[in-house]
Amino acid sequence: MPSSASRWGRSAAERGTPSAERASAQGDAGEVEPPLISCCPLHFPEEEAPPQEEPRGREEAPQVVDLEQLVPVGGVFHISALQLPPQAQDVGDWTMVELLDVGLEVYPYSPGKAEDGTQEAVQITLRLPDNVIYFKVPVVARWDPAGQWWRTDGISKITYEAEEKSITFSMGDFYTVALLQDAHLNLPYQAWELHPTGVDEGLFTVTAVFATIQIQIKDNQCMLSSVVVEEEEVLSHITGKWMSPLALRAALKRAGVNIFPAEYSPKYVPVPRKAALAEGKAYGQMALLSAAFAHSKWNGEAGPEQVVFKVSEHLTAGSAKGNHWSLLMFDGEKVQHLKLTETSEAFSEELEEESEFHSTLYHMVKDSASNEAMDKVERAGCLFIDSVYQLLLATRVLAYS
């Protein structure tokens, strides 16, 4: 039997999870990346190991992870102790090594007892993947094959080094582990903006809690233009690549940038509810128009049956920041032009003087738009319109900002 000095530690961080994990319940699409094999330092304590758990009079209930709130980021790490394989030996002028047909074998490790009677802990240090972002200290969880769930009990002494991109923790045995992140930590949005940059081209910007994401849209394709975190561009491995809206959504979620609420997200994000009629129709009609749309701080004050957003005619490829914005209120059946501005002291449903309400955004915009702007609307292609609609529906900016 090999001594403690000859034990090997190995972890496999795979782009996926155990089949029973259920961590990807949303059905992410996109290319599957090959497994990344890496080694992690293992420390087997002798006498000064920190205790894993205090003795209890009865067994503690497992701390099961809520996969609607926490999701694995960076794959899964399969950690085990391995037998040291036969080493090369010099015999005269020959170097000989025994070849095994079975490959590397698992070492039957049994945790011992410390002097105080508690279970000794194995200390693990993991090098974090470079192609994901952890905005906060990740939650370390272990897979329980019996219960078919992720658990956080049995893991202690967690130390996260953001600069070195490593995490160290202790556990009483070797487990399959994952690093989890709050699925909603970038919600609600701080701001958003959508404006055209050409015929069947546009730019969609979402300012989330920890990151600003810019997405270019062209025909039926999307491209991640930039992800900025603390004034630094990140995720260069997926920026500048054209893909479908569905593939872009999957790529961002795999990288730890989740700006796509799920049906259960209202349980975890304190935002005012919006009626499905007003929200859904607004996305469809915004996609039809080659105008600029943006976040309004009054949207949350308008009540659940109505959405409020800014609109402006936009004929250039540049930013829409200097545009003259109008505030529209939409309930799914009629659109109204509000007298309110972003700098008003309080919300009011008072309408702009001499304005009329319309049944659709198209007819409201047509009333004041130039001939050049309406020509761009008429020339917009179906593929581009569908791409914009998919992004708006996936991010739900009118409900989560």
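No experiment lies behind these values; they were computed from the predicted model shown. (Residues numbered from 1 in each chain as written. Predicted model: local features only at pLDDT ≥ 70, side-chain atom pairs only at ≥ 80, totals over all residues. Heavy atoms only, no water.)

A. Local environment of the overall build of the chain. Of regular secondary structure, the chain possesses five helices and 22 strands. Split into buried and exposed, the 401 residues of the chain put 46% on the buried side. Counting contacts in the chain only where the partners sit at least 6 residues apart, residues at least 24 apart contribute 66% of the total. Accessible surface, the chain: about 20900 Å² in total, of which carbon and sulfur atoms supply 49%. (Helix = DSSP H or I, 4+ residues; strand = E, 2+ residues; numbered from the N terminus. Buried < 20%, exposed > 50% of the residue type's maximum accessible area, 1.4 Å probe, protein only. Contact = heavy atoms within 4.5 Å. Areas by Shrake-Rupley, 256 points an atom, 1.4 Å probe, with all protein chains shown as cover.)

B. Inspection of unusual backbone geometry at higher detail. Residue L187 is joined to P188 through a cis peptide bond whose omega torsion reads -5 degrees. Among the structural elements, P188 can be located in the loop between β12 (176-182) and β13 (191-198). Not every positive phi belongs to a glycine, and E230 is a case in point at roughly 50 degrees. Judged by relative accessible area, which is 76%, E230 ranks as exposed. Positive phi, close to 50 degrees, is recorded for R396, a residue that is not glycine. On the secondary structure map, R396 appears in the segment after α5 (382-395). For R396, a relative accessible area of 23% translates into the label partly exposed.

C. How the structure looks around helix α1 (residues 245-254). Taking burial as the measure, the 10 residues of α1 include seven buried ones, the bulk of the element. For α1, the complete set of buried residues consists of P245, A247, L248, A250, A251, L252 and K253. Residues of α1 that are buried in the fold lie against β15 (212-218), β16 (221-229), β18 (242-243) and α5. G256 sits one or two positions beyond α1 and adopts a positive phi of about 95 degrees.

D. Molecular detail of the layout of surface pockets. Estimated volume of the second largest pocket: approximately 540 Å³. What lines the second largest pocket is a set of 14 residues, and nearest its centre among them are I133, Y134, A162, V229 and V234. Taken together, the residues that form the lining of the second largest pocket break down as nine nonpolar, no polar and five charged. (1 Å grid on protein atoms, 1.4 Å probe; cavity = no way out; pocket = protein on both sides within 12 Å on 5 of 7 lines; lining within 4 Å. Points joined across faces, edges and corners; volume = space filled by probe spheres on them. Nonpolar A, V, L, I, M, F, W, Y, C, P; charged D, E, K, R; others polar.)

E. Quick peek at the pattern of salt bridges. Applying the stated criterion across every chain yields a total of 12 salt bridges. In this structure, the salt-bridge partner of D130 is K165, at a minimum N-O distance of 3.7 Å. Of this pair, D130 sits in the loop between β7 (122-127) and β8 (139-144) while K165 is found in the loop between β10 (155-161) and β11 (166-171), placing the two residues 35 residues apart along the sequence. For K165, a relative accessible area of 21% puts it in the partly exposed group. With its nearest N and O atoms 2.5 Å apart, the salt bridge here joins R151 to D153. (Salt bridge = Lys/Arg side-chain N within 4 Å of Asp/Glu carboxyl O.)

F. Fine view of the nonpolar core. Grouped together as the largest cluster of nonpolar side chains are 60 residues, with contacts concentrated most on F204, I213 and F309. Looking at this core element by element, the count peaks at six residues for α5. If sequence neighbours within four positions are ignored, I213 has contacts with F204, T205, V206, A208, L224, S226, V227, V257 and I259. (Core = buried A, V, L, I, M, F, W, Y, C linked by side-chain atoms within 4.5 Å.)

G. Quick peek at helix α4 (residues 371-379). Among the residues making up α4, those that are buried are A373, M374, K376 and V377. The arc enclosing the buried residues of α4, seen along the axis, measures out at 155 degrees, which places them on a common side. Opposite the buried face of α4, by more than 90 degrees, sit the exposed residues N371 and E378. Elements in contact with the buried residues of α4: β13, α2 (276-288) and α3 (361-368). (Arc of directions from axis to C-beta.)

H. Structural context of the packing of α2 against α5. Interaxial distance between α2 and α5 falls to 8 Å at its minimum, and their mutual angle equals 145 degrees. Crossing handedness for the pair α2 and α5: right-handed. Touching G280, Y283, G284, M286, A287 and L288 of α2 are I385, V388, Y389, L392 and L393, all from α5. Looking at side-chain class alone, the contact of α2 with α5 contains nine nonpolar, two polar and no charged residues. (Axes fitted to C-alpha atoms, helices over the stretch in contact; angles between N-to-C directions. Left-handed = near helix turned anticlockwise from the far one by under 90°.)

I. Main features of the pairing of β13. The sheet contact formed by β13 and strand β14 (residues 201-207) spans seven bridges and is antiparallel. Its bridge partner lying in β14, L194 is registered against F204. Two successive antiparallel strands, β13 and β14, enclose a turn made up of two residues, where D200 displays a positive phi of approximately 55 degrees. Here β13 pairs with strand β19 (residues 292-294) via two bridges, running antiparallel. Counterpart to L194 in the pairing with β19 is F293. (Pairing = 2+ DSSP bridges.)

J. The arrangement of the environment of V335 in detail. Tracing the chain through its elements places V335 in strand β22 (residues 335-338). For V335, a relative accessible area of 0% translates into the label buried. Along the sequence, V335 and V365 sit 30 residues apart, while their C-alpha atoms lie 10.0 Å from each other. Leaving out residues up to four positions away in the same chain, V335 has contacts with L328, M329, F330, E356, F357, H358, S359, T360, L361 and M364.

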